[in-house]
Amino acid sequence: MTPFIPFLHDNNCLHAEQVPVEQLAETFGTPLYVYSRQALISQYQRYQSAVSEQDMICYAVKANSNLAVLRTLADQGAGFDIVSGGELERVLAAGGDPARVVFSGVGKQPAEMQRALEVGIHCFNVESLRELEQLQAVAASLETVARVSLRVNPDVDARTHPYISTGLKANKFGVPVEDAETFYLQARDMAFIEPVGVDCHIGSQLTETEPLLEALDSLLVLVGRLRTQGIELVHVDMGGGLGVSYEEGEQPPDIEQYIAIVHDRLAAQGLHLILEPGRSIVADAGMFLTRVSLLKTGEEKNFAVVDGAMNDLLRPALYGAWQRVVPVTPRPGKPALWDIVGPICETGDFLAKDRELVLAEGDLLAVMQAGAYGFVMSSNYNTRPRAAEVMVDGDKAHLVRRRETLSELLAAEQELS
Ligand SMILES: *Cc1c(COP(=O)(O)O)cnc(C)c1O
């Protein structure tokens, strides 16, 4: 399937699907997140159409948890990968099917486990023996059975940024593959636990699939060993992690090709597949729109100070991430080198560095591939209300989260009484 391209220039004006981005800025203000409904659907369908009926594509909610995003995917029949009770409530509010939810994370609270059992989620991705014992206790108190999968740490190097690499022994996630058998033997003997699968998630923004396939092999060896012990697992969950193209020339793995390989290896063993893609579904479907407040030129550096900042879009400050910056209405002229910076009192507050652009005050800039790990990582640092979010569908734009107000930011606080 060819991916749908949501943001294109037409007549020197950037469009989101059929809506001029200029118009979105005027109607909803900046800074603003803009999502394309069609891009979300088309990217989800690339996954869904490559797997079988019994397999599950569980969108990783943490990548972008806006209710309209979740609703769009739920309407397509998506499952969801959650990492907190809060994300579970979002999925339920958006009409997601709890029977298609998997619950990941190293520190699930008993109350979160209880709620997940009550609504009947598909599976808990358990990350330690202690967690398994805690889950057993909660399940016992409800007299219900918790289906579990063990998150195995296959000790492969995902060759991505260290902050988003999760499958090495030095990482806090999962159980070493050597200890997995003991885990399953204990799980089998617990009255309120049913082991149904095994999972891993070795990192994010992977640009090659070899580490994933290496991890898959090690999971399959484990599945085989468990079989000889009489433990029959039903599914293998490969987590998320496929990268997207932030930079020109950055070639992310082909989704269909990757799934075909994984699917074949699992089908040969009679196993079902679960995937938990986040970034690769939403990143390209979103952009972050910001306006140039003023230009500050100097001997060493030119700064374009914009109204968006690291509190709105953290990835550049957090990982030194590079995201494409595109003028909404490109100007003719000789480009200069600009750092695109926000108004926050931190030197790390930049969206982009050394970009060749022709800029004037008041210009609109679009930071691309901002649909994943954008708004969800935003904060109120410097008492800045968080940006609004808009979803475009054809020629219509829907406000899907209104801009926060200053009084909302102050409302939860009180002075000494
Ligand atoms: C973050 C995460 C994902 C999604 O990762 P992407 O790189 O966004 O696809 C999937 N599973 C788990 C357990 C995660 O923590």
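Colleague: What exactly am I supposed to notice about the sheet that holds strand E2 (residues 13-16) here?
Modeller: Across a sheet, strands are paired by hydrogen bonds formed along the backbone, either parallel or antiparallel in direction. An order of E1-E2-E3 is seen for the 3 strands of this open sheet, with the pairing classed as antiparallel. In this open sheet, the two edge strands, each paired with only one partner strand, are strand E1 (7-10) and strand E3 (19-20).

Colleague: Please clarify how the pattern of salt bridges should be interpreted in this entry.
Modeller: One pass over the structure, following the stated rule, counts 17 salt bridges. The partner of Glu-256 in a salt bridge is Arg-46, with the nearest N and O atoms 2.9 Å apart. Taken together, the positions of Glu-256 in helix H9 (residues 255-267) and Arg-46 in helix H2 (residues 37-48) put the pair 210 residues apart, joining distant regions of the chain. Judged by relative accessible area, Arg-46 falls into the buried class, the value being 8%. Residues participating in the shared-partner salt-bridge network are Lys-301, Asp-339 and Asp-354.

Colleague: Would you take a moment to explain the site of the ligand for this structure?
Modeller: Around the ligand, the structure places 14 residues, and the nearest of them are Lys-62, Ser-204, Glu-276, Arg-279 and Tyr-373. Residue Ser-204 places a side-chain N or O atom 2.3 Å away from an oxygen atom belonging to the ligand. At 2.6 Å, a side-chain N or O of Glu-276 approaches a nitrogen atom of the ligand. For the ligand, the accessible surface in isolation is 390 Å², of which the surrounding protein chains cover 94%. Its residues assigned to classes, the shell around the ligand comprises 3 nonpolar, 6 polar and 5 charged.

Colleague: Please explain the environment of Arg-46 as it appears in this structure.
Modeller: Separated by 213 residues in the primary sequence, Arg-46 and Ile-259 place their C-alpha atoms 9.9 Å from one another. In this structure, Arg-46 is in contact with Met-1, Pro-3, Asp-254, Ile-255 and Glu-256, ignoring residues within four places of it in sequence. Among the polar contacts made by the side chain of Arg-46, one reaches the side chain of Glu-256 at a distance of 2.9 Å.

Colleague: Teacher, can you tell me more about the packing of helix H8 (residues 210-228) against H9 here?
Modeller: Each pair of packed helices gets described by two things: the angle between the helix axes and the distance between those axes. The contact between H8 and H9 brings their axes to 11 Å, and the two run at 10°. Considering their axes alone, H8 and H9 lie roughly parallel with respect to each other. Residues Leu-212, Leu-213, Leu-216, Asp-217 and Leu-220 of H8 form the contact with H9, whose participating residues are Tyr-258, Ile-261, Val-262, Arg-265 and Leu-266. Taken together, the residues of the contact of H8 with H9 sort by class into 8 nonpolar, no polar and 2 charged.

Colleague: Is there a simple way to explain the domain arrangement of the protein in this structure?
Modeller: Quite often, the size of an interface is put as the accessible area lost when its parts meet. Per the domain assignment, the segments of the protein are domain 1 (7-35 + 283-411) and domain 2 (104-277). With centres defined by C-alpha atoms, the gap from domain 1 to domain 2 works out at 36 Å. Residue-level contacts link 10 residues of domain 1 with 9 residues of domain 2. Each partner contributes to the roughly 820 Å² buried at the junction of domain 1 and domain 2, and carbon and sulfur atoms together form 61% of this total. Three residues, Tyr-319, Trp-322 and Gln-369, lead the burial of domain 1 against domain 2; their summed loss comes to 56% of the area buried on that side. For the interface between domain 1 and domain 2, the tally reads 0 residue pairs in polar contact (both at pLDDT 80 or more).

Rules behind the numbers
- Residues numbered from 1 in each chain as written.
- Predicted model: local features only at pLDDT ≥ 70, side-chain atom pairs only at ≥ 80, totals over all residues.
- Heavy atoms only, no water.
- Pairing = 2+ DSSP bridges.
- Helix = DSSP H or I, 4+ residues; strand = E, 2+ residues; numbered from the N terminus.
- Salt bridge = Lys/Arg side-chain N within 4 Å of Asp/Glu carboxyl O.
- Buried < 20%, exposed > 50% of the residue type's maximum accessible area, 1.4 Å probe, protein only.
- Near = heavy atom within 4 Å.
- Polar contact = N/O pair within 3.5 Å; in protein donor to acceptor, adjacent residues only side chain to side chain.
- Areas by Shrake-Rupley, 256 points an atom, 1.4 Å probe, with all protein chains shown as cover.
- Nonpolar A, V, L, I, M, F, W, Y, C, P; charged D, E, K, R; others polar.
- Contact = heavy atoms within 4.5 Å.
- Axes fitted to C-alpha atoms, helices over the stretch in contact; angles between N-to-C directions.
- Parallel < 35°, antiparallel > 145°, perpendicular 65-115°, else oblique.
- Domains from an automatic or database assignment.
- Buried area = accessible area lost by both parts, 1.4 Å probe.

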